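Examination of the molecular architecture
Now for the letters of each chain:
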Amino acid sequence: MLPLGSLRWPLAAAARLAWARPRPQVLASFATGPRQNNSIFYEIRTYDIKPSKMKEFVEIINKYFHLRTAHSEVVGFWSAELGAMNKVIHIWKYDSFAHRAAVRHALANDKDWQGKFLASALPMIEKQHNEVAYLVPWCQLGKPPKEGGVYEWVTFQMKPGGPTLWGEAFQAAINAHINTGYTKLIGVFHTEYGLLNTVHVIWWNESPDHRAAGRHSAHEDARVVAAVRDSVRFLESQQNMLLIPLQCSPLK
């Protein structure tokens with residue numbers, strides 16, 4: 001039997017050689033995948049409103065919201081009708097994080113905004129939540145073909161790995177639904193801040209009944225079924241809400 005000390009040198013040398021071998025580099029882009037080729041991002045804000053104050057809150061929003069949009073662009077503003085209650089969601093577009101910081105600074109010094117809206121609205125809000133998201137590279141922000149419809153907000157919690165892992169299958173599932181023609185895609189957003197690996201998809205439909213009929217037909221479409229089955233491999237959970245646009249919302 002070899003003395004114990006004689007084994008240490010070969011083991012130590014092997015360890016040094018193993019450490020010296022080139023190690024695979026994990027690029028930052030591998031984790032998140034590609035995104036839009038600009039700095040534009042979207043802040044998604046969700047407020048839970050006190051049930052007794054929902055009607056009053058919406059009235060204040062419609063009355064004074066022009067004070068807020070004087071500072072930056074709002075994409076849409078909705079209240080939840082199904083899937084949640086006493087909840088509003090609004091999306092804000094920013095050119096960069098510096099742009100958002102400048103807007104927030106200006107709002108903090110806007111006496112009309114602070115006095116006429118915030119002083120009245122804040123006591124009506126039970127909880128606030130925000131996320132920063134980018135449009136996925138293959139999606140441009142859309143508009144409904146006409147006013148007067150309803151919006152479906154679907155949130156997918158995907159497995160960690162980003163669009164590099166699940167992007168192709170997810171896009172195929174979205175396109176399969178688009179190709180049925182019963183619904184209009186408004187936007188697909190992938191979170192950068194907030195709960196990561198979250199994707200929000202916004203659809204427009206003429207009415208809840210029109211959506212229900214379209215979904216029924218889609219579930220019998222072999223192309224949709226195949227695409228969805230492929231994409232759910234990467235899905236952890238999902239939920240949805242039926243949204244009604246507020247009077248002040250650009251997306252109606």
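Above this text is the structure in question.
For the structure given in this document, a descriptive report is provided here.

What counts and how
Throughout this document, residue positions are counted from 1 along each chain, in the order its sequence is written. In keeping with the model being predicted, local features are shown solely for residues with a pLDDT of at least 70 and side-chain atom pairs are shown and tallied solely at 80 or more, while totals for entire chains, interfaces and linings include all residues. With hydrogens and water set aside, each side-chain value is computed from the structure's full complement of heavy atoms. For the purposes of this entry, the term helix denotes a DSSP run of H or I that reaches at least four residues, the term strand denotes a run of E that reaches at least two, and both are numbered from the N terminus. Any residue under 20% of the maximum accessible area for its type is buried, any over 50% is exposed, and the rest in between are partly exposed; the area is computed with a 1.4 Å probe on protein chains only. Two N or O atoms form a polar contact when they lie within 3.5 Å of each other; inside protein one atom must be a possible hydrogen donor and the other a possible acceptor, and for residues adjacent in sequence the pair counts only when both atoms belong to side chains. Note on contacts: a residue pair qualifies if any of its non-hydrogen atoms lie within 4.5 Å across the two residues. For Phe, Tyr and Trp, rings pair up if their centres lie within 6.5 Å, where Trp contributes its six-membered ring, and each pair is then called stacked (planes under 30 degrees apart), edge-to-face (over 60) or tilted (otherwise).

Here's the deal with unusual backbone geometry
One non-glycine residue, Asn-86, lies in positive phi territory at about 55°. Within the fold, Asn-86 resides in the loop between strand E2 (73–82) and strand E3 (87–94). Asn-86 sits in the partly exposed class, given a relative accessible area of 23%. Unusually for a residue other than glycine, Asn-197 sits at a positive phi of about 60°. As for its placement among the helices and strands, Asn-197 is situated in the loop between strand E6 (184–193) and strand E7 (198–205).

A few points about the side chain of His-200
Here His-200 lies in strand E7. Residue classification places His-200 among the buried positions, given a relative accessible area of 4%. Looking at His-200, its side chain comes within polar contact range of the side chain of Glu-131, at 3.0 Å. Once residues within four sequence positions are removed from consideration, His-200 is found in contact with Ile-44, Glu-131, Trp-153, Val-154, Thr-155, Gly-187, Val-188, Phe-189 and Thr-191.

Side note on the packing of aromatic side chains
Per the stated rule, a full pass over the model turns up 12 aromatic pairs. Judged by centre distance (5.1 Å) and plane angle (90°), the ring pair of Phe-65 and Phe-77 falls under edge-to-face. Here Phe-77 lies in strand E2 and Phe-65 lies in helix H3 (residues 54–69), a separation of 12 residues in the sequence. For Phe-77, a relative accessible area of 1% translates into the label buried. Between Phe-97 and Tyr-193, the aromatic rings sit 6.1 Å apart at their centres with planes inclined by 80°, giving edge-to-face as the arrangement. In this pair, Phe-97 sits in helix H4 (residues 97–108) while Tyr-193 sits in strand E6, placing the two residues 96 residues apart along the sequence. Members of the aromatic cluster, connected to one another through ring pairs, are Phe-41, Tyr-94, Phe-97 and Tyr-193.

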